[in-house]
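Examining the three-dimensional arrangement
Read off the chains here:
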Amino acid sequence: MATSALANSLLSSSSSLSNGVLPSTNNNALLPSRVSVSNHRSQNPLLSVHFKLKNETNSSSFITFCSLGGGAASSDNDPKEEQIPIELKYPAYPTVMDINQIREILPHRFPFLLVDRVIEYNPGVSAVAIKNVTINDNFFPGHFPERPIMPGVLMVEAMAQVGGLVMLQPEVGGSRENFFFAGIDKVRFRKPVIAGDTLVMRMTLIKLQKRFGIAKMEGKAYVGGEVVCEGEFLMATGSA
């Protein structure tokens, strides 16, 4: 019967617990010895209180749990329960240079202009650009008809063009008339790039020797956050 009375006391005091008020009984001393809160960042955290019950004859201990949120009512209003349509979940890439600005810098034209948009640019240091790979790209009918995969050499060419966007700027001193792709080292292809992918390419200037007109750049290309191609590039800014 003592246990039943104690349970009724706890049930009646649940609202007091949620407000930070500790319960008590008429003939017993109800003393908290440890208090903890689980999932404190959620909208419905759980309060755990370890009590010791003492009276004149004996003592015992127990743990009670009390929700600090609104219970089922709060879960009904949880914004996480509302599903956001997939077309509204993912923002578009930013535009630092659009295709018209890219065409003003790079001399390449169809079908060999392989950069669609610049999404980040640090003058004289680095550039990040994207290439939207579509089934309408002119290389897919032959590579391969039954399995459209972007050729690795064109991935390298696209990355070199992003490097050109860094090199053909006043901060570096290159020009369209005397800029060449001079060499590649340590190139690795990690995963195939297929129609429908968005190739995100970062090119970073590592070393520039203006006296000799040679620049060394490091490049990495990504699809969905995973590296698909990487390597080191040499750019020549002297005369042919």
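In this convention, every chain numbers its residues from 1, walking through the sequence in written order. Local features in a predicted model are, by the rule used here, given only for residues with pLDDT of at least 70; side-chain atom pairs are given and counted only at 80 or more, and totals for whole chains, interfaces and linings are based on all residues. Excluding hydrogens and water, the side-chain values take into account all heavy atoms of the structure.

The name given to the protein chain in an unreviewed UniProt entry is 3-hydroxyacyl-[acyl-carrier-protein] dehydratase, with Salix dunnii as the source organism. UniProt positions are given in the numbering used here, feature names are shortened, and annotations may be inferred rather than shown by experiment. You can read under Subcellular location (unreviewed entry) in the UniProt record for the protein chain the words "Cytoplasm". Recorded in UniProt under Function (unreviewed entry), the annotation for the protein chain is "Involved in unsaturated fatty acids biosynthesis. Catalyzes the dehydration of short chain beta-hydroxyacyl-ACPs and long chain saturated and unsaturated beta-hydroxyacyl-ACPs."

**Side note on the overall build of the protein chain**
For the protein chain, the helix and strand inventory stands at 6 helices and 9 strands. The cut-offs for exposure are 20% and 50% of the maximum accessible area for each residue type, with area from a 1.4 Å probe on protein chains only; residues under the lower value are buried, those over the upper are exposed, and the others partly exposed. Counting every position in the protein chain, which comprises 240 residues, the buried fraction comes to 36%. In this analysis, two residues are considered to be in contact whenever any of their non-hydrogen atoms come within 4.5 Å of each other. Within the protein chain, counting contacts between residues at least 6 apart in sequence, those at least 24 apart form 56% of the total. The Shrake-Rupley method, run with a 1.4 Å probe, gives the accessible areas here. Residue values count only the displayed protein chains as cover. Summed over all atoms, the accessible surface of the protein chain reaches about 14,900 Å², with 52% contributed by carbon and sulfur. Under the DSSP-based scheme used, a helix requires at least four consecutive residues in state H or I and a strand at least two consecutive residues in state E, with every element numbered from the N terminus.

**Things to note about the nonpolar core**
Here the nonpolar core consists of buried residues drawn from Ala, Val, Leu, Ile, Met, Phe, Trp, Tyr and Cys, with membership extended through side-chain atoms lying within 4.5 Å. Within the largest apolar cluster, 41 residues are counted, with the highest numbers of intra-cluster contacts made by L199 and M235. Mapped by element, the contributors of at least two residues to this core are α5 (99-105), β4 (117-122), β5 (126-132), α6 (152-167), β7 (198-209), β8 (214-223) and β9 (226-236). For this core, the element with the most residues is α6, which contributes 10 residues. Non-local contacts of L199, meaning those with residues more than four positions away in its chain, are made with A129, I130, K131, V133, M150, M155, V193, A221, Y222, V223 and V228.

**Let's talk about the sheet that holds β9**
Reading across from one edge, β4-β5-β7-β8-β9-β6 is the order of the 6 strands in this open sheet, with antiparallel pairing throughout. Two strands lie at the open edges of the sheet, namely β4 and β6 (180-189), each paired on one side alone. Sheet twist, expressed as the average angle between the axes of neighbouring strands with direction ignored, equals 20 degrees. Summarising the sheet, β8 and β9 pair through 10 bridges and their orientation is antiparallel. Bridge pairing in β9 places A215 opposite M235. Think of it this way: DSSP has to see at least two bridges between two strands before they count as a pair. Only the contacting stretch of a helix is used when fitting its axis, a line to C-alpha atoms as for every element, and angles between N-to-C directions run 0 to 180 degrees.

**Some details on the packing of aromatic side chains**
Given two aromatic rings, one states the distance between the centres and the angle between the planes to describe the pair. A pair of aromatic rings is counted whenever rings of Phe, Tyr or Trp (Trp by its six-membered ring) have centres within 6.5 Å, and the orientation is called stacked for planes under 30 degrees apart, edge-to-face for over 60 and tilted otherwise. If you walk through the whole model with that rule in mind, you get 2 aromatic pairs. Plain terms: the ring middles of F181 and F233 are 5.8 Å apart, the flat faces sit at 25 degrees to each other, and that makes the pair stacked. Linking F181 in strand β6 with F233 in strand β9, this pair joins segments that are 52 residues apart in sequence. Taking relative accessible area as the criterion, F181 reaches 35% and is therefore assigned partly exposed. Residue F233 is classed as buried on the basis of its relative accessible area of 1%.

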